[in-house]
Amino acid sequence: MSRVMSVKPLVALLAILLSACSKPAAPEATVAPTLVRVTRPMVGPGAAPIISTGIVTAADELKLSFKLGGVVQRITVREGQQVSAGQVLAELVPTEINAQLTQAQQMNEKAQRDWERGERLYADQVIALEQLQNLRTQAKVAAAQLQSANFNSRFVQIAAPSTGIIMRKLAEQHEVVAPGQPVLVLGTSQKGYIVRAALADREVVQVHVGDAVTVQLDALPGLSLVGRVSVIGGAARLENGLFPIEVQLERSDANLVAGLVAQISIQPAAAATSSLLYVPTGAVVAGIGQTASVYVLQGDVAKQQQVQVAFFTRDQVAVREGLSADAQVVTDGALYLNDGEKVSVQAAP
């Protein structure tokens, strides 16, 4: 009797387990599609821009100097100072120049007296015609020397030929300067500003006068200026092997001053003869050499696609092959995708 009673709890436990196993299984959780943003390729130039660094300076840079050598008596300006036309900028000690002028005046007066006396003596037939002609010549030479001394005496000072800014000061008070030695460099804004830069040989052969240039300044972030190549050097500099160029900036309201560091991007004329498709750099998920991978939207699925890269710019990739102009390329979220994964396109902000 006790053995029969002990079997009943086991039967009940077995029935409970069987009923639990017979319940329907819970449905599997669905995976939400990955949120992405997409864009269509943009059509752009078929050649890579040429990037370089340069310095902003005034288009007119005047090297001011004394016509005669001497001792600098004073320089009345400093670097960066604004000056007006006619303003005295520097002076020489005038002692030597005044002495030369006095000497020329005395020599001229003596020569004129000798000439006048010679005319009287010739009229009285005391001297020959040749002697009179020599006196006339000496008088004319003395007059010319006086004229030259008067002219030089006006250059004991350096005056500003126009309104501008003192860019460099190349001499100091009490220094001895030679004739024509630059003392000050004056920059004028009458012809605007230029950017002086330099290019390697493989770059300069692609550039022509008139090519469009985009200029960005480190001191004025967010500002983009427009210019054109105005000068291309005919020979490389010996110190670095680079070819100097100048970019003429278009007039703008920007507060430009000489010495600003500029990043220039030159669009070669050859770029206008062909075009390529451009996608954001963030769309590229992998790459080896000139081959890269992007994700292209096909319905609600992202498919990985290989493309041939022509070159990279600051924030874009130029694609040579493997992409159509109407393709929808995944940008945001591309790095987290797998080939064939379902996606949900999110509107651009």
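Predicted model, so just to flag it, every value in this text is computed and none were measured.

Further remarks concern the overall build of the protein. Counting its regular elements, the protein contains four helices and 22 strands. For the protein, the proportion of its 349 residues judged to be buried stands at 32%.

On to unusual backbone geometry. Backbone geometry places Gln-125, a non-glycine residue, at a positive phi of 60°. Tracing the sequence through the fold places Gln-125 in the loop between α2 (95-123) and α3 (129-153). Using a relative accessible area of 72% as the deciding quantity, one classes Gln-125 as exposed. Its identity is not glycine, yet His-174 carries a phi of approximately 75°, on the positive side. Checked against the element boundaries, His-174 lands in the loop between β9 (164-169) and β10 (176-177). Judged by its relative accessible area of 59%, His-174 is exposed.

The next point concerns α2. An α-helical turn contains 3.6 residues, so any two residues separated by three or four positions project in the same direction. A rise of 1.5 Å per residue sets the reference length of α2, with its 29 residues, at 42 Å; its end C-alpha atoms lie 43 Å apart and thus fit the reference within 8%. Listing the buried residues of α2 in full gives Ile-97, Leu-101, Ala-104, Asn-108, Ala-111, Asp-114 and Gly-118. Where α2 is buried, its residues contact β7 (88-92) and α3. Two residues or fewer past α2, Gln-125 is found with a positive phi of approximately 60°.

All right, on to the nonpolar core then. Membership of the largest hydrophobic core comes to 25 residues, with the highest contact counts inside it found for Val-195, Val-215, Leu-217, Leu-249, Ile-264 and Ile-266. At the level of elements, β4 (50-65), β11 (182-199), β12 (212-217), β13 (224-232), β14 (243-249) and β15 (261-267) are the ones that each hand at least two residues to this core. It is β11 that contributes the most residues to this core, five residues altogether. The next biggest cluster of nonpolar side chains, apart from the first, holds 20 residues, and it includes Phe-66, Leu-68, Ile-158 and Leu-186.

Attention now moves to the environment of Ile-266. Position of Ile-266 among the secondary structure elements: in strand β15. Residue Ile-266 is classed as buried on the basis of its relative accessible area of 0%. Sequence separation between Ile-266 and Ser-52 is 214 residues, and the spatial gap between their C-alpha atoms is 8.3 Å.

This next bit is on the side chain of Gln-81. Assignment of secondary structure puts Gln-81 in the loop between β5 (70-75) and β6 (82-83). Setting aside anything within four residues of it in sequence, one finds Gln-81 in contact with Thr-76, Gln-87, Gly-164, Ile-165 and Ile-166.

Okay, the pattern of salt bridges next. Taken as a whole and assessed by the stated rule, the structure comprises nine salt bridges. Between Arg-37 and Asp-332 there is a salt bridge, with its nearest N and O atoms 3.0 Å apart. On the criterion of sequence distance, the pair formed by Arg-37 in the loop between β1 (34-36) and β2 (38-39) and Asp-332 in the loop between β21 (329-330) and β22 (341-345) is long-range, its members being 295 residues apart. Asp-114 is the partner of Arg-117 in a salt bridge, and the nearest nitrogen-oxygen pair spans 2.7 Å. With Arg-117 and Asp-114 both in helix α2 and three residues apart, the pair spans about one turn of that helix. Through salt bridges with shared partners, a single ionic network connects Glu-61, Arg-168, Arg-196 and Glu-246.

All right, on to the pairing of strand β20 (residues 316-321) then. Look at any regular strand and the pattern is simple: side chains alternate between the two faces of the sheet. Where strand β16 (residues 275-280) lies against β20, four bridges are found, and the strand directions are antiparallel. The partner of Val-279 across the bridge, within β20, is Val-317. Note that strand β19 (residues 301-312) and β20 share four bridges and pair antiparallel. Bridging across to β20, Gln-308 finds its partner in Glu-321. In this antiparallel pair of consecutive strands, β19 and β20, the connection spans three residues.

What follows is about α3. Between its first and last C-alpha, α3 extends 36 Å over 25 residues, near the 36 Å set by a 1.5 Å rise per residue. Three or more residues of α3 are buried, namely Leu-132, Leu-135, Ala-139, Ala-142, Leu-146, Ala-149 and Asn-152. Buried-residue contacts for α3 involve α2.

Definitions and cut-offs
Residues numbered from 1 in each chain as written. Predicted model: local features only at pLDDT ≥ 70, side-chain atom pairs only at ≥ 80, totals over all residues. Heavy atoms only, no water. Helix = DSSP H or I, 4+ residues; strand = E, 2+ residues; numbered from the N terminus. Buried < 20%, exposed > 50% of the residue type's maximum accessible area, 1.4 Å probe, protein only. Expected span 1.5 Å × (residues − 1). Contact = heavy atoms within 4.5 Å. Core = buried A, V, L, I, M, F, W, Y, C linked by side-chain atoms within 4.5 Å. Salt bridge = Lys/Arg side-chain N within 4 Å of Asp/Glu carboxyl O. Pairing = 2+ DSSP bridges.

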